[in-house]
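Structural characterization, general
Chain residues, written in single-letter form:
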Amino acid sequence: MSKSKISGALLLVLIGILSMSHNSSSDQITIMTNGIDHIIYASTTLEQGIEDIECILGIRPVPGGHHPQYGTHNALLSLGSGIYLEVIARDPQLPTPLRGALIDIPPTGRSGLVTWVYRTNNIIDLSEKAKHTELGLGSIESGSRTMPDGNEIRWQLTDPYAMPMNGAIPFLIDWGDTSHPSVSIPYGGKLVEFVIKHPEADRVRNALFLLGSNVSVINSDQSGFIAKIFTMTGLVILE
């Protein structure tokens, strides 16, 4: 092979590497701009949800904690820096809260993505802004939990029971100066795209614009979500 052909081949390889690096960076920037903190996958039982995700992504989520105020417990898996997947289910060991369990899918129900969470560094101002719109996000609450590595994390969030527009409108979370959960849990893959499906797509899109998010919204007869995650074995779809 001539030197010119070798140089050309090396140049093509270099262009390909640079392109892959650029696309990866662009994906991450887009996701972070959208403000996605985490996406929530609900199941009939936590063990079933964990097995579902392990089957889909190839990595087993780790137990997170119990939520007495919501009647639930969860397991977590990182989807990249600053983003994670929360698997959640009714906790049979906890009494039912006065408002009912936050998530309580009957055995005949379908497991899947039910809502998502939007991260902000100024939850008070953004929550006040939402009060002047149709976004019923509820009051701000505080919480804390000790992670598997022993570190305690603290946060503020709007009422997760609100679930405006079937969960298409997220609740807000502010981690303050605490370490984000995604840094201390197993990596399951990189979230490269998140899409909301809803019969009133324009209304959802306008509401998200007020929050400052440009998450993709498409028209659909049924509300739902599509998460595209790049794993070690390739691209997978979680709904």
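Remember, it's a predicted structure, so these values are computed and weren't measured experimentally.

To continue, consider the overall build of the chain. Secondary structure assignment for the chain yields four helices and twelve strands. A burial count over the chain gives 48% of its 239 residues as buried. With an accessible surface of roughly 12,400 Å², the chain has 56% of that area assigned to carbon and sulfur atoms.

Next up on the list: the packing of aromatic side chains. Counted according to the given criterion, the structure contains five aromatic pairs. Measuring from ring centre to ring centre gives 5.9 Å for Tyr70 and Tyr161, while their planes differ by 65°; the resulting arrangement is edge-to-face. Taken together, the residues span a long stretch of sequence, with Tyr70 in the loop between strand E2 (62–67) and strand E3 (72–78) and Tyr161 in the loop between strand E7 (152–158) and strand E8 (171–174) at a distance of 91 residues. Summarising the burial analysis for this pair, Tyr70 and Tyr161 share the class buried. An aromatic cluster is built from Trp116, Tyr118, Phe194 and Phe225, whose rings are joined through pairwise contacts.

All right, on to the pattern of salt bridges then. On inspection of all chains with the given rule, the structure shows nine salt bridges. Note that Glu54 and Arg60 form a salt bridge whose closest N and O atoms lie 2.7 Å from each other. Look at the salt bridges and you will find they share partners, linking Glu47, Glu54 and Arg60 into a network.

This next bit is on a nonpolar patch on the surface. A cluster of nonpolar side chains, namely Phe230, Leu235 and Ile237, defines an oily patch on the protein surface of about 300 Å² accessible area. Along the chain, the position of Ile237 falls in strand E12 (residues 234–238). The class for Ile237 is partly exposed, based on a relative accessible area of 41%.

So, about the sheet that holds E2. On the basis of which strands lie adjacent, the open sheet formed by eight strands has the order E2-E3-E4-E1-E5-E8-E7-E6 and mixed pairing. In this open sheet, the two edge strands, each paired with only one partner strand, are E2 and strand E6 (140–146). Neighbour-to-neighbour, the strand axes of this sheet turn through a mean angle of 30°, independent of strand direction. As paired elements, E7 and E8 share two bridges and run antiparallel to each other. By the bridge assignment, Leu157 is partnered in E8 with Ile173. In this fold helix H2 (residues 46–57) packs onto strand E1 (36–42), E3 and strand E4 (84–90), with an angle of close to 150° to the strand it touches most, E4.

Counted as a void, the largest pocket has a volume near 390 Å³. Lining the largest pocket are 27 residues, with His67, Tyr70, Glu86, Trp155 and Leu157 positioned closest to its centre. Sorting the residues of the lining of the largest pocket by element identifies E1, E2, E3, E4, strand E5 (112–119), E6, E7 and E8 as the ones contributing at least two each. Looking at which element gives the most residues to the lining of the largest pocket, the answer is E6, with four residues. Of the volumes computed, that of the second largest pocket is approximately 250 Å³. Forming the walls of the second largest pocket are Ile105, Arg110, Ser111, Gly112, Leu113, Val114, Asn166, Lys197, Ser223, Gly224, Phe225 and Glu239. Of all the secondary-structure elements, those providing two or more residues to the lining of the second largest pocket are E5 and strand E11 (224–231). No other element matches E5, which puts three residues into the lining of the second largest pocket. Class assignment for the residues of the lining of the second largest pocket results in four nonpolar, five polar and three charged.

To continue, consider helix H4 (residues 201–211). Listed in full, the buried residues belonging to H4 are Ala201, Val204, Ala207, Leu208 and Leu211. Summarising the axial view, the buried residues of H4 lie within an arc of 130°, below the 170-degree limit, and thus occupy one face. When the buried face of H4 is taken as reference, the exposed residues oriented beyond 90 degrees from it are Asp202, Asn206 and Phe209. In this fold, the buried residues of H4 make contact with E5, helix H3 (123–131), E8, strand E9 (190–198) and strand E10 (216–219). Note on H4: the residue one or two positions beyond its end, Gly212, has a positive phi of about 95°.

Procedures and definitions
- Residues numbered from 1 in each chain as written.
- Predicted model: local features only at pLDDT ≥ 70, side-chain atom pairs only at ≥ 80, totals over all residues.
- Heavy atoms only, no water.
- Helix = DSSP H or I, 4+ residues; strand = E, 2+ residues; numbered from the N terminus.
- Buried < 20%, exposed > 50% of the residue type's maximum accessible area, 1.4 Å probe, protein only.
- Areas by Shrake-Rupley, 256 points an atom, 1.4 Å probe, with all protein chains shown as cover.
- Phe/Tyr/Trp six-rings, centres within 6.5 Å; stacked < 30°, edge-to-face > 60°.
- Salt bridge = Lys/Arg side-chain N within 4 Å of Asp/Glu carboxyl O.
- Patch = residues over 30% accessible without salt bridge, like charges linked within 9 Å, V, L, I, M, F, W, Y side chains within 5 Å.
- Pairing = 2+ DSSP bridges.
- Axes fitted to C-alpha atoms, helices over the stretch in contact; angles between N-to-C directions.
- Contact = heavy atoms within 4.5 Å.
- 1 Å grid on protein atoms, 1.4 Å probe; cavity = no way out; pocket = protein on both sides within 12 Å on 5 of 7 lines; lining within 4 Å.
- Points joined across faces, edges and corners; volume = space filled by probe spheres on them.
- Nonpolar A, V, L, I, M, F, W, Y, C, P; charged D, E, K, R; others polar.
- Arc of directions from axis to C-beta.

These figures capture arrangement, not role.
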